[in-house]
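Coordinates in review
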Amino acid sequence: QVQLAESGGGLVQPGGSLRLSCAASGFTVNSYYMAWVRQAPGKGLERVSSSNNGGSSTYYADSVKGRFTMSRDNAKNTLYLEMNSLKPEDTAVYFCARWYNSLDLWGKGTLVTVSS
């Protein structure tokens with residue numbers, strides 16, 4: 001029952017926006033350091049954003065800083081990634097993951113394609 005499930009991916013035009021969701025089951029996201037990680041075609045994993053339990057401290061990769069915003073809705077036990085001013089290079093499979101000594105729990109990912 002402990003799992004993460006991403007949703008909200010799809011096709012979007014350059015300059016557009018998309019909001020990804022990550023619903024957690026079997027644990028409370030507010031109690032963990034959480035992360036968004038992406039894998040672009042032919043490339044390795046890249047940490048996009050992450051935040052501590054409570055969301056008071058947030059990291060963003062330089063490539064997305066100022067364009068993406070990570071947040072949590074504790075009542076819904078859900079993690080979000082608001083993506084603005086999207087670029088073709090943002091095309092990737094986006095995963096949410098839990099940090100507990102390592103990224104020990106991952107969702108299956110949701111594909112974001114930025115293209116005209």
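Residues numbered from 1 in each chain as written. Predicted model: local features only at pLDDT ≥ 70, side-chain atom pairs only at ≥ 80, totals over all residues. Heavy atoms only, no water.

1. Observations regarding the sheet that holds strand β1 (residues 3-7)
This is how it is decided: Here, a strand pair is defined by DSSP locating no fewer than two bridges between the strands. To qualify as a helix, a DSSP run of H or I must reach at least 4 residues; to qualify as a strand, a run of E must reach at least 2; elements of each kind are numbered from the N terminus. Here, axes are lines fitted to C-alpha atoms. For helices the fit covers the stretch in contact, and angles between N-to-C directions go from 0 to 180 degrees.
Strands sit in the order β1-β3-β8-β7 across an open sheet of four strands; the sheet is antiparallel. Because the sheet does not close on itself, it has two edges, and the strands there are β1 and β7 (68-73). On average, each strand axis in the sheet is inclined to that of its neighbour by 15°, with strand direction left out of account. Sheet analysis places β1 next to strand β3 (residues 18-25), joined by five bridges and oriented antiparallel. Bridge assignment links Leu4 to a residue of β3, and that residue is Ala24.

2. Regarding the pattern of salt bridges
Cut-off, in case you're wondering: Any Lys or Arg side-chain nitrogen found within 4 Å of a carboxyl oxygen on Asp or Glu counts as a salt bridge.
Taken as a whole, this structure holds five salt bridges when the rule is applied. Across the pair Arg38 and Asp90 runs a salt bridge whose closest N-O atoms are separated by 3.0 Å. With Arg38 in strand β4 (residues 33-39) and Asp90 in the loop between β8 (78-83) and β9 (92-99), this pair connects stretches of sequence that are 52 residues apart. In this structure, Asp62 engages Lys65 in a salt bridge whose closest nitrogen and oxygen atoms are separated by 3.4 Å. Taken together, the salt bridges that share partners define one network made up of Arg38, Glu46, Arg67 and Asp90.

3. A word on the packing of aromatic side chains
Keep this limit in mind: Here is the rule: rings of Phe, Tyr and Trp (six-membered ring for Trp) pair when centre to centre is within 6.5 Å. Planes less than 30 degrees apart are stacked, more than 60 are edge-to-face, and the remainder are tilted. Buried means the residue's accessible area, taken with a 1.4 Å probe over protein chains only, is under 20% of the maximum for its type, while exposed means over 50%, and partly exposed covers the values in between. Geometrically, a charge over a ring is one whose NZ (Lys) or CZ (Arg) sits within 6 Å of the ring centre while staying within 35 degrees of the ring normal.
Tallied over the full model, the rule gives three aromatic pairs. Seen in terms of ring centroids, Phe27 and Tyr32 are 5.4 Å apart; in terms of plane orientation they differ by 90°. Their pairing is edge-to-face. The class for Phe27 is buried, based on a relative accessible area of 8%. On the numbers, 5.8 Å between centres and 80° between planes, the contact of Phe95 with Trp106 is edge-to-face. Placement of Phe95 in strand β9 and of Trp106 in strand β10 (residues 103-106) is noted, with a sequence separation of eleven residues between them. Judged by its relative accessible area of 15%, Phe95 is buried. Here Trp106 falls in the partly exposed class, since its relative accessible area comes to 31%. Aromatic rings pair up to connect Phe27, Tyr32 and Tyr100 into one cluster. It is Arg47 that lies over the ring of Tyr59; its NZ or CZ is 3.8 Å from the centre.

4. Brief notes about the nonpolar core
Cut-off, in case you're wondering: We define a nonpolar core as any set of buried Ala, Val, Leu, Ile, Met, Phe, Trp, Tyr and Cys residues linked to one another through side-chain atoms lying within 4.5 Å.
With 27 residues, the main nonpolar core has Leu4, Leu20, Trp36, Phe68, Leu81, Met83 and Tyr94 as its most contacted residues. Sorting the residues of this core by element identifies β3, β4, β7, β8, β9 and β11 (110-114) as the ones contributing at least two each. No other element matches the four residues that β3 contributes to this core.

5. Considerations on the environment of Glu82
Just so we agree on the cut-off: What makes two residues a contact is simply this: any of their non-hydrogen atoms within 4.5 Å. By the criterion applied in these results, polar contacts are pairs of N or O atoms within 3.5 Å in which, for protein atoms, one can donate a hydrogen and the other can accept it, and in which residues neighboring in sequence qualify only through two side-chain atoms.
Mapping Glu82 onto the fold places it in strand β8. We classify Glu82 as partly exposed; its relative accessible area is 28%. The sequence separation of Glu82 and Arg67 amounts to 15 residues, and the corresponding C-alpha distance is 8.2 Å. Apart from the residues within four sequence positions on either side, Glu82 is in contact with Ser17, Leu18, Arg19, Arg67, Phe68 and Thr69. Within the structure, the side chain of Glu82 is placed 3.4 Å from the side chain of Asn84, a separation counted as a polar contact.

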